[in-house]
Amino acid sequence: MTQTTRALRANILHAPTLGKIEALPHGVLIVEDGVIAGVFPELPEAYRGIETQDYGDRLLIPALCDLHLHAPQYPMMGMGMDLELLEWLNTYTFPGEERFADPEYAEGIYAALARELVKKGTTRAAIFASVHLPATRILVEELERAGISAYVGKVNMDRNCTGGLMEQAERSLGDTRVFVEELLARGGSVRPILTPRFSPNCTDALMQGLGALADEYDLPIQSHLSENESEVQWVRSLYPGAAGYWESYARFSLFRPRTLMAHCVHSDERERAAIRDHGVWVVHCPDSNVNLMSGIAPVRRMLNEGLSVALGSDISGGSTLSMMQIATIAIRASKQRRIETKGEDAFLTFAEAFYLATSAGAQYFGEGPGFRAGDPLHALVLDDGALPDSGRLPLENRLERLFYAADDRTIAARYANGKKLEAV
Ligand code: GUN
Ligand code: FE
């Protein structure tokens, strides 16, 4: 037994399988050198006498994961929500991202964003930066300083955007290579991910170069797919011979295991089959999809069909960073779909949404599902002591209530990568 073996005692709730929450009342989680050794109903004999952090009647859950957000859009959160995607990008998003040419501006915004992610209990994320290399480096530093594990991508775009963001393919690929090599050498909690913004913003030459880079360094990829009807039509006109939107990525070897595709609201059966067969992940962003009037993705159907699905805030298409809220918005959106399909599409249960917000995201990082022995500890301690009847209610109800009706003031402690994070 190492010197840093420790026990956390609390009401443990986690989701080792989709749709089922495992609860251990006053259970014990053992951490050795920041790595989970196991969760137990009682302190095992072998660990008797070790240092124990007793959280009493509080809840201990895996920390939250946000697998799709745009860091430079943080200042625009909650703005421009009367527009659909393409108009919104041109009016708010592109001008807002142009400001990240200024590293000083980036520093202030990214430091605040990293603190806010911690505050909201998100310790693992997949993040779009902007096209700017210096600002993207700053984002990496701020996330590492805050203790967050993340995939970060320098955005690539070399067509159909405003002058301030427009890149030349060669320069875009060169900067991306520099960023990737720097980050791999750094070996910290932030890892590189290739980030072609979406097909309409990337020439074939750029896509081809990114596919080659993905092969060379075995890199993951993140982008957008079938979010909005006008966007889908646009892509259809840009790739006349293609079987579907997905093919605009697949033909450049960008549609593969560890590719994250945000949205997939309008993916038809054939596209969903391609997603599954290529091992691509869908990142469902229900708050953004309603705000920008994109539609409601058939998430329950995707799960039935065997697709990998995780959740994203997609700020600032989404207007909250709280993955607890995003989980309940996903449930509401699925219920709206159930209403509209007259019951044909099932809704997401709370247990399923809890899994998507914790276990699914962790699996993208090669961890979980649930608190799994051998994984670095990412956890939140939730305190519902100020809410009515918490001493009497079943644990599952207390957890559901915290997701639906509470806010980040109930997060009493946060652990990321085995370390307790500073109070924020
Ligand atoms: N598609 C291309 N860029 C974006 C973006 O910044 N946000 C969203 N929601 N969709 C996009
Ligand atoms: Fe997005």
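For the structure itself, consult the block above.
Below is a short write-up of the structure. In this text the structure is predicted, and so the values were computed from the model without any measurement.

1. So, the packing of helix 11 (residues 323–340) against helix 12 (residues 350–364)
Running from N to C, helix 11 and helix 12 cross one another at 135°; their axes reach a closest spacing of 9 Å. The pairing of helix 11 with helix 12 is recorded here as oblique in orientation. Both helix 11 and helix 12 take part in a crossing whose hand is right-handed. Contacts between helix 11 and helix 12 pair Met-323, Ala-327 and Ile-331 from the former with Phe-350, Ala-353 and Ala-357 from the latter.

2. Here we look at the sheet that holds strand 11 (residues 221–225)
As summarised here, the arrangement of the 4 strands in space is 11-12-13-14, forming an open sheet in which the pairing is parallel. Taken across any chain shown, the strands that pair with only one partner, and hence form the sheet edges, are strand 11 and strand 14 (308–311). For this sheet, the mean angle separating the axes of adjacent strands, direction not counted, is 30°. Judged from the 4 bridges that link them, strand 13 (residues 281–284) and strand 14 form a sheet pairing that is parallel. Across the sheet, Val-283 pairs through a bridge with Ala-310, a residue of strand 14.

3. Observations concerning the site of ligand 1
Looking at ligand 1, the residues that line it are His-70, Gln-73, Leu-85, Trp-88, Leu-89, Thr-93, Arg-197, Phe-198, His-224, Glu-227, His-263 and Asp-314. With respect to ligand 1, the side chain of Arg-197 contributes an N or O atom lying 2.7 Å from an oxygen atom. Within the side chain of His-224, a nitrogen or oxygen atom sits 3.5 Å from a nitrogen atom of ligand 1. Protein coverage of the free-state accessible area of ligand 1, which is 280 Å², stands at 100%. With 4 residues, the single largest contributor to the shell around ligand 1 is helix 1 (residues 85–98). Considering only residue class, the shell around ligand 1 consists of 4 nonpolar, 5 polar and 3 charged.

4. Notes on the packing of aromatic side chains
Scanning all chains against the criterion turns up 13 aromatic pairs. Their ring planes at 65° and their centres at 5.1 Å tell us that Phe-100 and Tyr-105 sit as a pair that is edge-to-face. By the burial criterion, Phe-100 is buried, and Tyr-105 matches it. For the ring pair Phe-354 and Phe-403, a centre distance of 5.7 Å and an interplane angle of 80° mean the geometry is edge-to-face.

5. Brief notes about the coordination of the iron ion (ligand 2)
The coordination sphere of the iron ion (ligand 2), as far as protein atoms go, consists of His-68 (NE2), His-70 (NE2), His-224 (NE2) and Asp-314 (OD), spread over 2.1 to 2.3 Å. Between the 4 donor atoms coordinating the iron ion (ligand 2), the angles at the centre fall across 89 to 172°, so the site counts as irregular. Along the chain, the residues donating to the iron ion (ligand 2) are arranged with the sequence spacing H-x1-H-x153-H-x89-D. Linking His-224 in strand 11 with Asp-314 in the loop between strand 14 and helix 11, this pair joins segments that are 90 residues apart in sequence. Like Asp-314, His-224 is buried.

6. A few points about the side chain of Arg-124
Here Arg-124 lies in strand 6 (residues 122–128). Classification of Arg-124 as buried rests on a relative accessible area of 4%. Here the side chain of Arg-124 touches Glu-367 through a polar contact of 2.3 Å, side chain to side chain. Among all residues touching Arg-124, those that are not within four sequence positions of it are Ala-63, Leu-64, Cys-65, Asp-66, Ser-149, Ala-362, Phe-365, Glu-367 and His-378.

7. Some thoughts on the sheet that holds strand 9 (residues 190–192)
Spatial ordering of the open sheet is given by 5-6-7-9, a layout of 4 strands whose pairing is parallel. Of all the strands in the sheet, just strand 5 (64–70) and strand 9 have a single pairing partner and so form its edges. Neighbour to neighbour, the strand axes of the sheet diverge by 20° on average, direction disregarded. In this structure, strand 5 lies alongside strand 6, joined through 5 bridges in parallel fashion. Each residue of the ladder has a partner; that of Leu-69, found in strand 6, is Ile-127. Strand contacts of helix 3 (residues 133–146): strand 6, strand 7 (149–153) and strand 9, with the helix running at about 175° to strand 7, the strand carrying the most contacts.

Cut-offs used in this document
Residues numbered from 1 in each chain as written. Chains lettered and ligands numbered in written order. Predicted model: local features only at pLDDT ≥ 70, side-chain atom pairs only at ≥ 80, totals over all residues. Heavy atoms only, no water. Axes fitted to C-alpha atoms, helices over the stretch in contact; angles between N-to-C directions. Helix = DSSP H or I, 4+ residues; strand = E, 2+ residues; numbered from the N terminus. Parallel < 35°, antiparallel > 145°, perpendicular 65-115°, else oblique. Left-handed = near helix turned anticlockwise from the far one by under 90°. Contact = heavy atoms within 4.5 Å. Pairing = 2+ DSSP bridges. Near = heavy atom within 4 Å. Polar contact = N/O pair within 3.5 Å; in protein donor to acceptor, adjacent residues only side chain to side chain. Areas by Shrake-Rupley, 256 points an atom, 1.4 Å probe, with all protein chains shown as cover. Nonpolar A, V, L, I, M, F, W, Y, C, P; charged D, E, K, R; others polar. Phe/Tyr/Trp six-rings, centres within 6.5 Å; stacked < 30°, edge-to-face > 60°. Buried < 20%, exposed > 50% of the residue type's maximum accessible area, 1.4 Å probe, protein only. Donors = N, O, S within 2.8 Å, 3.2 Å for Na, K, Ca; no water. Tetrahedral: all angles 85-135°; square planar, octahedral: opposite > 155°, others 65-115°.

Read these as geometric descriptors, not functional statements.
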